[in-house]
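Tertiary structure, described
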Amino acid sequence: MIKFNQYLKDKYGGRIQKISIDAGFTCPNRDGNVAFGGCTFCNNTSFSPYAMTRQTVEEQIEKSIDFYSKRFKKIKGYIAYFQAFSNTYAPVEKLKEIYDKAMEYPEIIGMSIGTRPDVVPEPVLDLIATYTVEKPEIWLEYGLQTANIKTLRNINRGHGVSEFVDAVLRTKKRPGIKVCAHMIVGLPGDEYEDYIETAKLIAALPIDGIKIHPLHVVKHTVMAKQYANGEFGVLELEEYAKIVADILEVLPEDIIVQRLTGEATEEELIAPEWCSSKRKMDVLKAIDEAVRRKQEEKNLLRI
Ligand code: SF4
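As the structure is a prediction and not an experimental result, all values here were calculated from the model. (Residues numbered from 1 in each chain as written. Predicted model: local features only at pLDDT ≥ 70, side-chain atom pairs only at ≥ 80, totals over all residues. Heavy atoms only, no water.)

1. Things to note about the environment of Asp 10
Looking at where Asp 10 falls in the secondary structure, it is placed in helix 1 (residues 4-12). For the pair Asp 10 and Gln 258, spaced 248 residues apart in sequence, the C-alpha separation works out to 15 Å. (Helix = DSSP H or I, 4+ residues; strand = E, 2+ residues; numbered from the N terminus.)

2. Comments concerning the confidence of the model for the protein
The share of residues in the protein with pLDDT of 70 or more is 97%, and the mean pLDDT across the chain is 95. A low-confidence stretch, residues 46-50 (pLDDT under 50), is modelled with 14 contacts involving residues beyond four sequence positions or located in other chains. (pLDDT = per-residue confidence, 0-100. Contact = heavy atoms within 4.5 Å.)

3. A closer look at the packing of helix 3 (residues 92-103) against helix 4 (residues 122-131)
It is at 10 Å that the axes of helix 3 and helix 4 come closest, and there the two elements cross at 20 degrees. Compared by their axis directions, helix 3 and helix 4 come out roughly parallel. Crossing of helix 3 over helix 4 shows right-handed handedness. Residues Val 92, Leu 95, Lys 96, Tyr 99, Asp 100 and Met 103 of helix 3 lie in contact with helix 4, whose contacting residues are Pro 123, Val 124, Leu 127, Ile 128 and Tyr 131. Counted by class, the contact of helix 3 with helix 4 contains 9 nonpolar, no polar and 2 charged residues. (Axes fitted to C-alpha atoms, helices over the stretch in contact; angles between N-to-C directions. Parallel < 35°, antiparallel > 145°, perpendicular 65-115°, else oblique. Left-handed = near helix turned anticlockwise from the far one by under 90°. Nonpolar A, V, L, I, M, F, W, Y, C, P; charged D, E, K, R; others polar.)

4. Things to note about the environment of Asn 5
Looking at where Asn 5 falls in the secondary structure, it is placed in helix 1. Residues Asn 5 and Ile 243 lie 238 residues apart in sequence; the distance between their C-alpha atoms is 23 Å.

5. Digging into the pattern of salt bridges
Scanning all chains against the criterion turns up 23 salt bridges. Linking Arg 116 and Asp 118 is a salt bridge whose minimum nitrogen-to-oxygen distance equals 2.8 Å. Arg 116 gets classed as buried once you look at its relative accessible area, which sits at 3%. The exposure class assigned to Asp 118 is partly exposed, which follows from its relative accessible area of 27%. Among the salt bridges present, the one from Lys 172 reaches Asp 208, with a minimum N-O distance of 2.8 Å. Placement of Lys 172 in the loop between helix 6 (161-171) and strand 6 (178-185) and of Asp 208 in the loop between helix 7 (192-204) and strand 7 (209-214) is noted, with a sequence separation of 36 residues between them. A residue is classified by how much of its surface remains accessible, and Asp 208, at 23% relative accessible area, is partly exposed. One network of salt bridges, with partners in common, ties together Glu 122, Asp 126, Asp 166, Arg 170 and Arg 174. (Salt bridge = Lys/Arg side-chain N within 4 Å of Asp/Glu carboxyl O. Buried < 20%, exposed > 50% of the residue type's maximum accessible area, 1.4 Å probe, protein only.)

6. A look at the pairing of strand 7
Within strand 7, 6 of the 6 residues are buried, which leaves the element mostly enclosed by the surrounding structure. Where the polypeptide runs from strand 6 across helix 7 and back to strand 7, its parallel neighbour, the crossover connection is right-handed. (Right-handed = clockwise from strand over helix to strand, strands pointing away.)

7. Overview of helix 3
Taking 1.5 Å as the rise per residue, helix 3 with 12 residues should run 16 Å; its terminal C-alpha atoms sit 16 Å apart, in good agreement. For helix 3, every residue scored as buried is listed here: Leu 95, Ile 98, Tyr 99, Ala 102 and Met 103. Buried residues along helix 3 cover an arc of 135 degrees about the axis, so they all sit on one side. Buried positions along helix 3 lie against helix 2 (57-71), strand 3 (75-82), strand 4 (108-115), helix 4 and strand 5 (137-145). (Expected span 1.5 Å × (residues − 1). Arc of directions from axis to C-beta.)

8. With respect to the sheet that holds strand 9 (residues 256-259)
Spatial ordering of the open sheet is given by 1-9-7-6-5-4-3-2, a layout of 8 strands whose pairing is parallel. The sheet terminates laterally at strand 1 (2-3) and strand 2 (15-21), the two strands that pair on one side only. Examined bridge by bridge, strand 2 and strand 3 share 7 bridges and lie parallel to one another. Of the residues in strand 3, the one forming a bridge with Ile 16 is Gly 77. With respect to the sheet, helix 4 is in contact with strand 4 and strand 5, its orientation differing from that of strand 5 by roughly 140 degrees. The sheet strands contacting helix 7 are strand 5, strand 6 and strand 7, and the helix crosses strand 6 at an angle near 175 degrees. (Pairing = 2+ DSSP bridges.)

Structure representation (structure tokens):
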């Protein structure tokens, strides 16, 4: 596995900083086009520091560049991260207008566009591919979450596994676009085999990067109510770390790992407590430890 920061550092000779942008998109799983209510875990206001503000894309970019350039002296560039909601869910002309704003900054070396696999029609992919001519890091991030169709239905995801496979294959017909898949470990109804199956599916597809998140229940979501009713439980940190170590073993060695955890603020988080932003380093340490133990066990078997 290659860590994303390391990949960027090796390629650009220094730190590349992601800038989160809330461009005011919505989601077809919330506005009734696919479904109402959204995924049961989703409280999208927690995605972006700019959510619910009326700052323009330019204001968000300039504020972030100002902030990070003071904090880290040796920044080599930035990636505009369109993070909140479904960032390809608009007419193509509108998307061009929004993406162009970010791509005009010379310090910005690319963008990461978070979206659903069912909202990337061909004209949108063609548009995104045009940016690969001048900017080297153009990523599309697709949420799969799990390869278990029953779980996808239960969490009101509004798409299946086939839409994900279709989106990845169509995207990779444009070789300049890199694809990152998101998966969640711990969704209600999923078991160990589902995590491994999801990882195997990701491994079998032409996918460049992955983000693995632990399920964490946050306030103001359907899942918060289900959790309060005792309908499901959450993973312990050690269990999560061990599963992630097993997933990493299934993935190709050259996959770029963008994330191995996910967290919420203490105000938003309901459970598990180890998904609080304050404990991020504990989670990464536990994963490192689980990977190391796994390696040791393997070495012992070889003796
Ligand atoms: S697709 Fe994304 S933005 Fe839409 S409801 Fe689900 S998690 Fe939220």
